[in-house]
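Below are the chains, spelled out letter by letter.
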Amino acid sequence: MGKQRVAQLEYSEFQSAMLDEEKRRRKAAKIIAVLEHFHGPLGGLTVGDVGCSAGFIADELAQAGAKHTLGIDIDVPGLRRAADRFGERVAFVCGDGTALPFPDGSVDVLVFNHIYEHVVDPDAVVAEMHRVLSDEGVLYLGLGNRLGVIEPHYKLPFLSYLPPALADRYVRASGRADHYYERFRTRRGLRRMLRAFHVWDYTFPVLATPTRFAGSELFPGALGRVVKGVLAKAPREVLRLLLPVVPTYLWVATKTPRRPAGAALPQPPERVRPL
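This structure is a prediction, so every number in the text was calculated from the model and none was measured. (Residues numbered from 1 in each chain as written. Predicted model: local features only at pLDDT ≥ 70, side-chain atom pairs only at ≥ 80, totals over all residues. Heavy atoms only, no water.)

(A) Highlighting the packing of aromatic side chains. What the rule picks out here adds up to seven aromatic pairs. The interplanar angle of 70 degrees and the centroid separation of 6.5 Å between the aromatic rings of phenylalanine 38 and tyrosine 202 together place this pair among those described as edge-to-face. With phenylalanine 38 in helix H2 (residues 21-38) and tyrosine 202 in the loop between strand S6 (198-201) and helix H8 (203-208), the pair connects residues that are 164 residues apart, well separated along the chain. For phenylalanine 38, a relative accessible area of 0% corresponds to the buried category. Grouping aromatic residues by their ring pairs yields a cluster made of Phe38, Tyr202 and Phe213. Over the ring of tyrosine 249 we find arginine 187; its NZ or CZ atom is 4.9 Å from the centre of that ring. The aromatic ring of phenylalanine 213 is capped on one face by arginine 212, whose charged end is 5.1 Å from the ring centroid. (Phe/Tyr/Trp six-rings, centres within 6.5 Å; stacked < 30°, edge-to-face > 60°. Helix = DSSP H or I, 4+ residues; strand = E, 2+ residues; numbered from the N terminus. Buried < 20%, exposed > 50% of the residue type's maximum accessible area, 1.4 Å probe, protein only. Lys NZ or Arg CZ within 6 Å of the ring centre and 35° of its normal.)

(B) Broad picture of the pairing of S6. Pairing of S6 with strand S7 (residues 248-254) involves four bridges; the strand directions are antiparallel. When the bridges of S7 are listed, aspartate 201 appears paired with tryptophan 251. Bridging between S6 and strand S8 (residues 270-271) involves two bridges; their strand directions are antiparallel. Residue pairing in the sheet places aspartate 201 in a bridge with glutamate 270 of S8. (Pairing = 2+ DSSP bridges.)

(C) Representation of the sheet that holds S8. Taken together, the eight strands give an open sheet; going across it, the order is S3-S2-S1-S4-S5-S7-S6-S8, and neighbouring strands pair in mixed fashion. Both edges of this open sheet fall to strand S3 (91-94) and S8, since each of them pairs with a single strand only. As paired elements, strand S1 (residues 46-50) and strand S4 (residues 107-113) share three bridges and run parallel to each other. The residue of S4 that forms the bridge with valine 47 is valine 109. This element, H2, spans S4, strand S5 (133-144), S6 and S7 of the sheet and lies at about 140 degrees to S5. Packed onto the sheet, helix H4 (residues 76-86) meets strand S2 (68-73) and S3 and runs at close to 165 degrees relative to S3. (Contact = heavy atoms within 4.5 Å. Axes fitted to C-alpha atoms, helices over the stretch in contact; angles between N-to-C directions.)

(D) Examining empty space enclosed by the protein more closely. For the coordinates displayed, the defined rule picks out two cavities of 30 Å³ or more. Counted as a void, the largest cavity has a volume near 60 Å³. Around the largest cavity sit Arg191, Leu194, Arg195, Phe197, His198, Val199, Trp251, Arg271, Val272, Arg273, Pro274 and Leu275, which together line it. Each residue belonging to the lining of the largest cavity can be placed in one class, and the counts come to seven nonpolar, one polar and four charged. For the second largest cavity, the full set of lining residues is Arg24, Asp49, Val50, Gly51, Ile57, Asn113 and Ile115. For the lining of the second largest cavity, the per-class residue count stands at three nonpolar, two polar and two charged. (1 Å grid on protein atoms, 1.4 Å probe; cavity = no way out; pocket = protein on both sides within 12 Å on 5 of 7 lines; lining within 4 Å. Points joined across faces, edges and corners; volume = space filled by probe spheres on them. Nonpolar A, V, L, I, M, F, W, Y, C, P; charged D, E, K, R; others polar.)

(E) Region of the structure containing the environment of alanine 261. Among the secondary structure elements, alanine 261 is positioned in the loop between S7 and S8. Note on alanine 261: relative accessible area 57%, which makes it exposed. Residues alanine 261 and leucine 133 lie 128 residues apart in sequence; the distance between their C-alpha atoms is 19 Å. Among all residues touching alanine 261, those that are not within four sequence positions of it are His37, Phe38 and His39.

Any link to function would need more than the numbers given here.
Right, here's the structure in full:
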């Protein structure tokens, strides 16, 4: 494959997680809960899932009341599966995120969930999402952090910390892959990537009140209840110290200044300071 990155075509053919329907629908429930807390119900809106693959999240968005639901990807096998199952209520489009086939300002809600590390030019995709999003629109972002200790795809500690050549050697030595494709960014790098947007951080609200955001599986058992209680009551100044190494950020972004519309939370969403 060499050092040049190319698009990950047919991703669902080699990443079985994309076909795990139960898990994908649980993720969708969390995404919808965050969007509804920030924006309100999705009824009557045009909603797009960028990087939809087999379409489970897009289907949940449609069932949440979206007037028009769009699924966009370059994963042709995934799109075929999606269209076969959900094509009556979701319009699936084979399209590159760097050239979204939609007019300026035509989409009310976009979802970009754990996708940026897989694309060749995430900055170009973000710019396209900014273009097609309406002035009052909302962008949901699930963003992996380069400094999260356990890399989420291969479950190897510190893998994403390494430069590409060493990361390739690490995954080969582990027997889990021949090449490490993904490219994560730090929190600072993600803030830079989203600098054209106004961003709210929902990471700690979701962790502190998982049942409110359909994330009850985040903290199972007695230990989980203790962790959840600590997160709900910890001073925000303490939690902010953890931000550089939180494995995943859950952000909501808008083109114009807005505030969350939902009820008060033990750990409220906070503005992400722009760079």
